[in-house]
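# Breakdown of the fold
So the chains spell out like this:
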Amino acid sequence: MTAKQMKCTIRSIAPVGNYLHLVLDAPEVTEVQPGHFAAVAVGGVGGGMLLRRAFSIHKSIPGDSIEIIFAPHGQGTQWLATQGAGDVIDVIAPLGKPFVLPRQPIPCVIVAGGYGAAPMEILARELRIRGCRVDVVLGAATQEKLFGVLDLKGVADSVIVTTDDGTSGVRGRVTDVLGELIQKNNSQAVYACGPMPMLQAVAKVSQDNGAFSQCAVEESMACGIGVCMTCVLPVIGDDGVTRMSRSCVDGPVFRGDRVRWDDVNTVPSDAFGAPRPGGH
Amino acid sequence: MSADLTTSLGSLQLSAPTLTASGCAAAGKELAQFGDVSTLGAVVTKSIMMEPRSGRPTPRMAETPSGMLNSIGLQGPGIESFLENDLAWLRANNVTTIVSIAGNNVDEFGELARILAKVEGVDGLEVNISCPNVESRGQVFACNPHSAAQVIETVRSVWHSDAPVLAKLSPDVTDIVEIAQSVVEAGVDGVSMINTLLGMVIDVDQMKPMLGGRTGGLSGPAIRPVAVRAIYQVHAALPHLPILGMGGIRTGHDALEFIAAGASAVSIGTVVFGDPGAPWRIANELGQELESRGYNSLREVIGLAHQN
């Protein structure tokens, strides 16, 4: 379906660990695929915050509701946290290119950092429906910042938890256990969502162990619909040419081996249309 | 009875008073899922250049109170791809199209105008002589009356079409009326005002400017009074000059301020990022604002604030 701009009534908003779980009436949203996101207007009509906040869609009941998970760490998300059941917010969804699902029942790994796990339960279900083995690695700095552990345990073949401080699961990073997991299960595809440094590491470990990776990136966006050109990152296209691609419409899901992770926040000199010596 | 919202910019008749602002709606296609783009006054395209251009490094955006800074740096596909893809889409969808052009130097502006003069589907030209996101502030032609006029003269000399040529002006000047006068003498059919104001946000955790390009263009409702003032001044000095007004318009009420100051039509910019339906909504609201005040048409309100 194409994206819809909607006034959505909040059905519920409740804390989950360090995050908030928002359930919205969204009768106009008839189809959500894992990796789609929603862009939420914050601050109310006439308020001082003009730009939407983008969140991956956690779950959806077609024709009924969508759910998102967010961390109230900025001015906009803090405003959102003050909203309650019955309040109405302006939402655009579904947006972006979702995860590409395999045609064959191949073994897959899902990797997520913190609330990057939000879209992963519905992804795990889709993969299981296709007969895929699904192993999951969930990481966070500390136990309270983990998300979706129990839900994913109910869907996946296995779930490994890592925390930087060892308060839950294995002490360390998701990539400390990922390589071995791929080898053990002969995993062919790795699906990842989380902070950019984690995605970069996941893409590398996946490639080193012979698996394809798809990463849902986190770039700050102004519009979420492809018009503002702020959320770009250097991505290699099918033709081998690097372009400054929009994470909102060309992503947020990119092949891990196509993102030039070391060059994020720069314009590589060989990118399409890059400045030539002496200026543009 | 509903108010007549038709208007014009020079020879270009507009069926609706709201246009998209350059750089805020790409080339229209992305907005099509939120409304019928052919019912807008026009789509003003993101500024197109001769060559493909990657733009500046990220971060390219910082939200500010009632506004934002951007430092996109004119990312775009270049004129060839624009004609083949973007303009073709606009034509196929019957969209009134004002093409915004930007050049690294005077000759490039001329070359772009020469190319666009030969193709169908260009209903107007907006000459972006005021983008602040370029390496050299010397390239902001609109900051100097002579360079501004030089660009316009060059464009005019190859533009053998009735479609209006508009010069997009920067508010970052001592006297915007002087710049407007110089582009009028050089042959523009109208002016678009205002472009963004040059600004900066500093990240005090990293102790460096937040934007990859360090400085950026400030837009949004925060700059609206600057735009209204600039339009008021230029209309006072040049009452017959068509003005396309833009700068932080968020509601029909805001748009009415611009019309009363002297704009004949308005472009909706930054607000589209938060509300992609805004160009249509604001046109409706403007109609209601006119009707509630007893006006029968938009045209009768253009510049009306100068009478009192």
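Residues numbered from 1 in each chain as written. Chains lettered and ligands numbered in written order. Predicted model: local features only at pLDDT ≥ 70, side-chain atom pairs only at ≥ 80, totals over all residues.

## Concerning the nonpolar core
To keep things clear, this is the line we draw: Joining buried Ala, Val, Leu, Ile, Met, Phe, Trp, Tyr and Cys residues through C-beta atoms within 7 Å gives a set, and that set is a nonpolar core. Three classes are used. A residue is buried when 20 or more other C-beta atoms lie within 10 Å of its own, exposed when 12 or fewer do, and partly exposed in between, with C-beta atoms placed from the backbone. Note on contacts: residues are paired as contacts if their backbone-placed C-beta atoms lie within 7 Å.
Counting 201 residues, the largest nonpolar core has A38(A), I110(A), V202(A), L125(B), V127(B), V183(B) and I231(B) as its most contacted members. Setting aside residues no more than four positions away along its own chain, A38(A) makes contact with F55(A), I57(A), I66(A), I68(A), V91(A), I92(A), A93(A), P94(A) and L95(A).

## Concerning the confidence of the model for chain B
For the record, the criterion: Summary of the metric used: pLDDT quantifies the predictor's per-residue confidence within the range 0 to 100.
Averaged over every residue, the pLDDT of chain B is 95; the share at 70 or more is 97%. Per the prediction output, this complex has pTM 0.94; the corresponding ipTM is 0.92.

## Details of the interface of chain A and chain B
Operational definition: Under the scheme applied here, ten amino acids are nonpolar (Ala, Val, Leu, Ile, Met, Phe, Trp, Tyr, Cys and Pro), four are charged (Asp, Glu, Lys and Arg), and all others, including Gly, are polar.
Taken together, the 29 residues of chain A in the interface contact 37 residues of chain B. Considered class by class, the residues forming the side of chain A that touches chain B number 17 nonpolar, 11 polar and 1 charged.

## Quick look at the packing of helix α3 (residues 145–158) of chain B against helix α4 (residues 176–185) of chain B
Residue and element names in this part refer to chain B. As a reminder of what qualifies: What counts as an axis is a line fitted to C-alpha atoms, over the stretch in contact for a helix, and the angles between N-to-C directions run from 0 to 180 degrees. Runs of E in the DSSP output that reach at least two residues are strands. Runs of H or I that reach at least four are helices, and both are numbered from the N terminus. Working definition: roughly parallel below 35 degrees, roughly antiparallel above 145 degrees, roughly perpendicular at 65 to 115 degrees, and oblique for all remaining angles. Handedness of a helix crossing follows the sense of rotation of the near helix relative to the far helix, less than a right angle counterclockwise being left-handed and clockwise being right-handed.
Remark: α3 packs on α4, axes separated minimally by 8 Å, with the N-to-C direction vectors making an angle of 30 degrees. It follows that α3 is roughly parallel to α4 by the angle criterion. Judged by the twist between their axes, the crossing of α3 over α4 is right-handed. Contacts between α3 and α4 involve P145, A148, A149 and I152 on the former and, on the latter, E178, I179, S182, V183 and E185. Tallied by class, residues from the contact of α3 with α4 come to 6 nonpolar, 1 polar and 2 charged.

## Section: the sheet that holds strand β16 (residues 265–268) of chain B
Residue and element names in this part refer to chain B. Note the threshold: When DSSP finds two or more bridges between two strands, those strands count as paired.
Sheet architecture is open: 8 strands sit in the order β3-β16-β15-β10-β9-β8-β7-β4, paired in parallel fashion. A strand with exactly one partner marks an edge of an open sheet, and here the two such strands are β3 (18–20) and β4 (43–44). Bridge analysis of strand β8 (residues 124–128) against strand β9 (residues 165–168) gives 4 bridges, and the strand direction is parallel. Residue pairing in the sheet places N128 in a bridge with K168 of β9. Of the strands in this sheet, β3 and β16 are in contact with helix α8 (residues 278–292), which crosses β3 at around 165 degrees.

## With respect to the packing of helix α5 (residues 224–237) of chain B against helix α6 (residues 252–261) of chain B
Residues and elements named next belong to chain B. It is the contact of α5 with α6, at a shortest axis distance of 8 Å, that shows an interaxial angle of 20 degrees. Classified by the angle their axes make, α5 and α6 are roughly parallel. Contacts from R224, V228, I231, Y232 and H235 in α5 reach D254, E257, F258 and A261 in α6.

## Quick notes on the pairing of β8(B)
Residue and element names in this part refer to chain B. How we decide: A crossover gets the label right-handed when its path from the first strand over the helix to the second runs clockwise, viewed with the strands pointing away from the viewer.
Within β8, 5 of the 5 residues are buried, which leaves it mostly tucked inside the rest of the structure. By the alternation rule, side chains of β8 split into G124, E126 and N128 and L125 and V127, which are all buried. As paired strands, strand β7 (residues 97–101) and β8 are joined by 4 bridges and run parallel to one another. Following the sheet pairing, V99 is matched in β8 by L125. Note on the crossover from β7 through helix α2 (residues 106–117) to β8: the handedness is right-handed.

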